[in-house]
Amino acid sequence: MEDFEPLDLLACYGTDATARAITWLTASPLAPRRLRWGPSHIAVICQHHGSALWLESTTLCEHPCAVLGYQVDGVQGHLPEMRIHDYVAAGGRVDVYRLSAVDRLSQTESELLSKILVRHFIGQRVTYDFGGALLSGTRLFKRTRLLPAADLNELFCSEMVAAVLMRLGRLNRANPTRYNPACLLRQVVREGTFQYVRSHSKEVAA
């Protein structure tokens, strides 16, 4: 398994009906080439006890959280190899996006990232935001003033990642609820903050 770096973003392409629907509904022919079909899910890497930890907010993982030791719905941590295997074994893929050289985290920022994700989000048992996830998939409503204010005690996957990027100064401040996985990745790639580095799939493994 290749090395991961703090704040690597994992663009996950699932194969079940829900994942395919998300990818189809967030498709854009004007997006960067690999992101014309949007990912159905997004996760982020941090360092925890000297090892890479995959952090995500989901209700669809059957593995116990590597931090808490039991299965949860909401923010949770796992070994990257385990979650990548879940997607690849089901016929999906995981693309890795990394900060550009000028945007790499300092050691202090990496420690802050781990503190936010592990000590706060997991430690405070942040649950999954179903309503926000639905609103993030709208084309127009999420851009109006009717979009509810973010509640960081409930987070869906890209809302969590967007909030962390904003806190670390890698994304302009805004309501993180507006970001679905596709539009979040498209924005940071277009801005040059993140770059595609590799893909994990059955085709690549072959």
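About the cut-offs
- Residues numbered from 1 in each chain as written.
- Predicted model: local features only at pLDDT ≥ 70, side-chain atom pairs only at ≥ 80, totals over all residues.
- Heavy atoms only, no water.
- Helix = DSSP H or I, 4+ residues; strand = E, 2+ residues; numbered from the N terminus.
- Buried < 20%, exposed > 50% of the residue type's maximum accessible area, 1.4 Å probe, protein only.
- Contact = heavy atoms within 4.5 Å.
- Areas by Shrake-Rupley, 256 points an atom, 1.4 Å probe, with all protein chains shown as cover.
- Axes fitted to C-alpha atoms, helices over the stretch in contact; angles between N-to-C directions.
- Parallel < 35°, antiparallel > 145°, perpendicular 65-115°, else oblique.
- Nonpolar A, V, L, I, M, F, W, Y, C, P; charged D, E, K, R; others polar.
- Phe/Tyr/Trp six-rings, centres within 6.5 Å; stacked < 30°, edge-to-face > 60°.
- Lys NZ or Arg CZ within 6 Å of the ring centre and 35° of its normal.
- Core = buried A, V, L, I, M, F, W, Y, C linked by side-chain atoms within 4.5 Å.
- Polar contact = N/O pair within 3.5 Å; in protein donor to acceptor, adjacent residues only side chain to side chain.

Caption draft 1: Layout of the overall build of the protein chain. Helix and strand counts for the protein chain come out as seven helices and six strands. Along the protein chain, helices and strands appear, N-terminal first, in the series β-α-β-β-β-α-β-α-α-α-α-β-α. Considering the protein chain as a whole, with its 206 residues, one finds that 49% of them fall into the buried category. For the protein chain, the share of sequence-separated contacts (at least 6 apart) that also reach a separation of at least 24 residues comes to 69%. If you sum the accessible surface of the protein chain, you get close to 10,300 Å²; carbon and sulfur atoms cover 53% of it.

Caption draft 2: Seen up close, the packing of helix α5 (residues 157-167) against helix α6 (residues 181-190). Closest axis-to-axis distance for the α5/α6 pair is 9 Å, and the angle between their directions is 30°. Considering the angle they form, α5 stands roughly parallel to α6. Counted together, Cys157, Ser158, Val161, Ala162 and Leu165 of α5 and Pro181, Leu184 and Val188 of α6 form the full contact between these two elements. Split by residue class, the contact of α5 with α6 holds seven nonpolar, one polar and no charged.

Caption draft 3: Seen up close, the environment of Val188. Relative to the helices and strands, Val188 resides in helix α6. Along the primary structure Val188 and Leu99 are separated by 89 residues, whereas in three dimensions their C-alpha atoms are 9.3 Å apart. Residues in contact with Val188, not counting those within four places in the same chain, are Leu9, Leu165, Leu171, Thr193 and Phe194.

Caption draft 4: Fine view of the packing of aromatic side chains. If you walk through the whole model with that rule in mind, you get one aromatic pair. Between Tyr97 and Tyr196 the ring centres are 5.7 Å apart and the planes differ by 65°, which places this aromatic pair in the edge-to-face class. Taken as a pair, Tyr97 in strand β5 (residues 93-99) and Tyr196 in strand β6 (residues 194-200) lie far apart in primary sequence, 99 residues in all. In this structure, Arg93 packs its charged tip against the face of Tyr13, placed 3.8 Å from the ring centre. Residue placement shows Arg178 over the ring face of Tyr179; its charged tip is 5.5 Å from the ring centre.

Caption draft 5: Quick look at the environment of Asp129. Mapped onto the elements of the fold, Asp129 is located in the loop between α3 (107-122) and α4 (130-136). Along the backbone, Asp129 and Ala150 are 21 residues apart, and their C-alpha atoms lie at a distance of 9.9 Å.

Caption draft 6: The nonpolar core, seen in detail. By size, the foremost hydrophobic cluster in this structure holds 39 residues, and its most contacted members are Leu7 and Leu9. Broken down by secondary-structure element, the contributors of at least two residues to this core are β1 (9-13), β2 (41-48), β3 (51-58), β5, α3, α5 and α6. Counting residues per element, this core draws most heavily on α5, at seven residues. Setting aside its immediate chain neighbours within four residues, Leu9 contacts Ile42, Ala43, Val44, Asp95, Val96, Tyr97, Val161, Leu165, Leu185, Val188 and Phe194.

Caption draft 7: Representation of the environment of Asp16. The topology assignment puts Asp16 in the loop between β1 and α1 (17-25). Under the relative-accessibility criterion, Asp16 is labelled partly exposed at 42%. Separated by 24 residues in sequence, Asp16 and Ser40 have C-alpha atoms that sit 10.0 Å apart. Within the structure, the side chain of Asp16 is placed 3.0 Å from the backbone nitrogen of Thr18, a separation counted as a polar contact. There is a polar contact of 3.0 Å between the side chain of Asp16 and the backbone nitrogen of Ala19.

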